[in-house]
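Each chain is listed here by its residues.
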Amino acid sequence: MATASTFPPKTTGSLPRVDGPLKVTGGAKYTSDYNFPGMLYAVPVCATIAKGSITAIDTSRAESMPGVKAVYHRQNIGKIYRAAPASGFSSIIDERRPPFEDDTIRYYGQYVAAVVAVTYEQAIAAASAVKVRYNIEKHDVRSHLDPEEKPKVDSTRGNPDEAFASAAVKIDSTYVTPVETHNPIELHASVASWDGQSFTLYETTQAVVNHRSVMAQMLGVPEENVRVISRFLGSGFGGKLWPWPHCMIAAQASRNLGRPVKLVVTRDMMFQNVGHRPLTQQRVRLGATPDGKLVSLMHDSLNHTSILDDYSEGCSEATAYSYSTPNLRATSGLVRRNVGTPTSMRGPGAVPGLFALESAMDELAFKLNIDPIELRLKNEPQKDEGINLPFSSRHFVECLKVGAEKFGWSQRNPKIGSMKRDGLTIGWGVAGASWIAERMESEATVELLSDGTARVSSATQDIGTGTYTVLALIVSEKTGIPTDRIEPILGDTALPAGAISGGSWATASLIPAVTEAIEKAQKVVLGLATTGSDAVFANQKEDALAFTAGRVHLKEKAPETGVPFAEILTKSNIRAASGQGKSTGTFGDPNRKFSTHSFGAQFAEVTWEPETARLRVSRVVTVIDAGRIINPKPARNQIEGAVVMGVGMALFEETNYDARFGAPINNNLADYMLTTNADAPTIDVTFLDYPDTVLNSLGARGVGEIGLAGIAAAITSAVHHATGVRVRELPIRIEDLLQPVRQVTT
Ligand code: MOS
């Protein structure tokens, strides 16, 4: 029998990703890596207009081409239902219209048909031979937003209009964040197979359980007849949270043809058919006393959405609780455009929202001639004034102070353009960050096996952030089994229903379920150890025993005196001691007692060469208060990645819609600019590591999205410090820095 080679085994500390070796050796199978005998390839045909209707589809030539098995469109794909309205975290789909539901075209690239053929090349060739005739109408992809309906009030207190009108010092600025397209390297894909009764769907999804529920509803089969598998993801950034129309096309084609069907969404389709972060336009008004106390805060945000779907970015997510002020109002409104349906993108709401709010705070500090950190300290709230509840744990002030120390903020000369180094002008900026921390309902199973290993499973998934690894670490920490002897199994609806991989909540959500499952499995072992006359601990009471470092021992004696759990199982001829656990959810809980959020402070340094108009982000210091950090290595990696994405948000990322055709035109990785290695600054990440036990016993709130919040505002503030130009519309362009002000796009 195998036993741990060292005692006690090493069970804590930073653990590199347990799935790393599989990934770097090519052993990890991603969705589009699955191939089955007889599998066919589906290629969608995309609309080449942004508004209008289909008047005719001629498939005759495509149908006669080599290898073509079918060309589907509205008349012949078969029934696809809509999913019922979402409730909580189930039945969620952002583009609710099933593919081919009607002949109306509402955005460029909308699927109008799909070819299924023996090879991918045959399907591509035939897709280009499908002739579609349209009645073309005038589309609207304008980026200037005017409210179309009465905005929704997200939060309100006091009398913000009156307080603003009479405030001694005022800021009234409008900020714009552009459409950003999720560009995970792994393309969206579905590999669907129908066995005459049930679907097996290999999907690029961050939420297998929701995916099953939506697909079962739309395909018109019972949920138990759908199995969704997503073992590895080449990331998603929120774009893979919910199903998209290609999923139904693949599944329906598979059912119609009785063969497995693979559909891979191409990079250019990713700019059209699988969501994006919507354009936002946000007006922030701040009123303050001459010494910098906020008396009024108004945040009115608009975002564009598609013609049929009401996707709200939620820009005011962090507005109501960030700062103390008696008078506040946050509103949001939607403006319809001929674009695909937007969706969540890393830090939805708070990330664009905090760009606006934190930029306005910097503008106010400048106007008041107060240090921007000092201004934030003056307005630190004692509780969440938006919902009138205490924070479970908030260390924002410490984030600012620790960050200032690490960054060297005390050396800052606030005068614009005054700081120089190596012939370059230096700019320093700071911004606050926050992100919602919640727990989602989750189930997990833990098995302690007679070979001395353990298995932990849940129908959640790992989008590359380290969920496999953190589960191995938690089980190891609680059982004393070394992490290399623990097998985490995820990404399959056959497992107990787990959390979505979204909101940075998976870890926090899984901890109570996994902890309970471990305790129950351990109890089974203790029961076996004390039951029967020849039991290892015969004549002992179960509660006299403890399970420590992989061994069962008398509580009053040291773990070394105990018996390895594997020996107890083997002696009883039992392969596995199994326990199930369940976490309750906190999201939307009307009886909540605390406001639960993560916080952070972002410090950015830019260098500016006015002679050549060269702007670089040279250095970022980030201090994160996200509760206990269970696995520091991937957690740090998450924050570093988020900072790099923040540099992209500030300087590069923007999806452009061509005014003439309504098409996203920079729809590839050459024209859609992302931060590269050469653009990445030096990044210094600090975790404060205060456990927040409101969410779970380990005190983890989870990390990921928090690292992106505030970065863009810190960078534009640094740019202002270096150049005197206040950029309110992202991304920052060289042209902005050559002229005093760039007007909001009309
Ligand atoms: Mo994240 S946008 O919740 O995947």
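Residues numbered from 1 in each chain as written. Predicted model: local features only at pLDDT ≥ 70, side-chain atom pairs only at ≥ 80, totals over all residues. Heavy atoms only, no water.

**Notes on the sheet that holds strand 11 (residues 226-229)**
Part 1 of the reasoning: Spatially, 3-5-1-12-9-10-11 is the arrangement adopted by the seven strands of the open sheet, whose pairing is mixed. Unpaired on one side and paired on the other, strand 3 (68-72) and strand 11 mark the two borders of the sheet. Direction aside, neighbouring strands of the sheet carry axes that sit 20° apart on average.
Part 2 of the reasoning: For strand 1 (residues 40-46) and strand 12 (residues 261-264), the ladder comprises three bridges, and the chain directions are parallel. Bridge pairing in strand 12 links L40 to V261.
Part 3 of the reasoning: Against the sheet, helix 3 (residues 120-127) touches strand 1, strand 3 and strand 5 (111-117), its axis set at about 25° to strand 1.
Part 4 of the reasoning: This element, helix 5 (residues 208-219), spans strand 10 (199-203) and strand 11 of the sheet and lies at about 140° to strand 11. (Pairing = 2+ DSSP bridges. Helix = DSSP H or I, 4+ residues; strand = E, 2+ residues; numbered from the N terminus. Axes fitted to C-alpha atoms, helices over the stretch in contact; angles between N-to-C directions. Contact = heavy atoms within 4.5 Å.)

**Topic: the packing of helix 5 against helix 6 (residues 245-257)**
Part 1 of the reasoning: Interhelical geometry of helix 5 versus helix 6 gives an angle of 55° and a closest axis separation of 11 Å. Compared by their axis directions, helix 5 and helix 6 come out oblique. Judged by the sense of rotation from one axis to the other, the crossing of helix 5 with helix 6 is right-handed. Counting all contacts with helix 5, which are made through H211, M215, M218 and L219, the residues of helix 6 involved are C247, M248, A251, Q252 and R255.
Part 2 of the reasoning: Looking at the contact of helix 5 with helix 6, its residues break down into six nonpolar, two polar and one charged. (Parallel < 35°, antiparallel > 145°, perpendicular 65-115°, else oblique. Left-handed = near helix turned anticlockwise from the far one by under 90°. Nonpolar A, V, L, I, M, F, W, Y, C, P; charged D, E, K, R; others polar.)

**Considerations on the pairing of strand 25 (residues 597-609)**
Part 1 of the reasoning: The buried fraction of strand 25 is high, at 12 of 13 residues.
Part 2 of the reasoning: Pairing of strand 17 (residues 424-436) with strand 25, which is carried by 12 bridges, proceeds in the antiparallel orientation. When the sheet's bridge partners are listed, V430 is paired in strand 25 with F603.
Part 3 of the reasoning: Sheet topology places strand 25 next to strand 26 (residues 614-625); 11 bridges connect them, and they run antiparallel. Bridged to A601 within strand 26 is V623.
Part 4 of the reasoning: Between strand 25 and strand 26, which pair antiparallel in sequence order, lie four residues; one of them, A613, sits at a positive phi of approximately 55°. (Buried < 20%, exposed > 50% of the residue type's maximum accessible area, 1.4 Å probe, protein only.)

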